[in-house]
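Descriptive structure summary
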Amino acid sequence: MRDVMTICNYCGCGCGVYLKVHNNTVIGSYPSRHHPISRGNLCSKGWHLHEFVHSSNRLTQPLLRKSGSLTPVSWEEALDYTAKALLTAKEQTGADSIGILSSAKCTNEENYLLQKLARAGLGTNNIDHCARL
Ligand code: SF4
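Since we're looking at a predicted model, the values are computed, not measured. (Residues numbered from 1 in each chain as written. Predicted model: local features only at pLDDT ≥ 70, side-chain atom pairs only at ≥ 80, totals over all residues.)

Overview of the site of the ligand
The following threshold applies: Each residue receives a C-beta atom built from its backbone; the residue is near a molecule or strand if that atom lies within 6 Å of it. Each residue is assigned to one of three groups, with Ala, Val, Leu, Ile, Met, Phe, Trp, Tyr, Cys and Pro labelled nonpolar, Asp, Glu, Lys and Arg labelled charged, and all others, Gly among them, labelled polar.
Close to the ligand lie Cys8, Tyr10, Cys11, Cys13, Gly14, Cys15, Ser38, Leu42, Cys43, Lys45 and Gly46, which account for all nearby residues. Class assignment of the residues belonging to the shell around the ligand gives a composition of seven nonpolar, three polar and one charged.

The following block contains the structure:
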């Protein structure tokens, strides 16, 4: 068993967290006593930080709604569909008709890229994230 120091990704506070890792599986999380933000404390989200990592509920491939049901599709089909839908929305109703929601379960780098896509690519500032404080 080993403890891996990291930063909680659930909000902008940035608490210091240790993840407990056993046989390459993340099995627990607890606060760093010496981290300047958390100082030995975490909120309830931080104490459960590890739970999503190996969750069987995680999506492992894109889903498209077809005939009312979410259907697994290839990344190529999902990206092609999404790009066309976003461009159509932008052409027909303007960039500000588009809104993008990101996730605290993505990395900072992925969230940075998504806001770049929204602002520089699509021309909208309508982007938000559940970890915003
Ligand atoms: S979600 Fe809670 S534990 Fe995580 S950084 Fe924010 S305050 Fe800290």
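Next comes the rest of the description.
Details of the domain arrangement of the protein
Going by this rule: Segmentation into domains, and thus their bounds, comes from an automatic or database assignment.
As assigned here, the protein comprises domain 1 (2-52) and domain 2 (63-128). The gap between the C-alpha centroids of domain 1 and domain 2 is 30 Å.

So, the nonpolar core
So the rule is basically this: We call a set of buried Ala, Val, Leu, Ile, Met, Phe, Trp, Tyr and Cys residues a nonpolar core when their C-beta atoms link them within 7 Å. Whether a residue is buried, exposed or partly exposed is read from the other C-beta atoms within 10 Å of its own C-beta, which are placed from the backbone; 20 or more gives buried, 12 or fewer gives exposed, and intermediate counts give partly exposed. By the convention adopted here, residues are in contact when the distance between their C-beta atoms, placed from the backbone, does not exceed 7 Å.
Judged by nonpolar contacts, Cys8, Tyr10, Cys15, Val17, Leu42, Leu49 and Ala131 together constitute the single largest core of seven residues. Ignoring anything within four residues of it in the chain, the contact list for Cys15 reads Cys8, Pro31, His35, Ile37, Ser38, Leu42 and Gly46.

Details of unusual backbone geometry
Rules: Numbering of helices and strands runs from the N terminus; a helix is a DSSP stretch of H or I covering at least four residues, while a strand is a stretch of E covering at least two.
Not every positive phi belongs to a glycine, and Asn24 is a case in point at roughly 60°. Along the chain, the position of Asn24 falls in the loop between strand S2 (16-22) and strand S3 (25-31). On the basis of neighbour counts, which here come to 6 C-beta atoms within 10 Å, the residue Asn24 falls in the exposed class. In the Ramachandran plot, Arg39 falls in the positive-phi region, its phi being about 45° despite a non-glycine side chain. For Arg39, a count of 12 C-beta atoms within 10 Å gives the class exposed.

Re the sheet that holds S3
Put simply, the rule is: In this scheme, strands are said to pair when DSSP sees at least two bridges between them. The convention used is that axes are lines fitted to C-alpha atoms, helices contributing only their stretch in contact, and that angles between N-to-C directions extend from 0 to 180 degrees.
Strands sit in the order S1-S2-S3 across an open sheet of three strands; the sheet is antiparallel. A strand with exactly one partner marks an edge of an open sheet, and here the two such strands are strand S1 (2-7) and S3. Each strand axis lies, on average, 30° off the axis of its neighbour in the sheet, ignoring direction. When S1 meets S2, the two strands line up antiparallel, connected through six bridges. When the bridges of S2 are listed, Arg2 appears paired with Val21.

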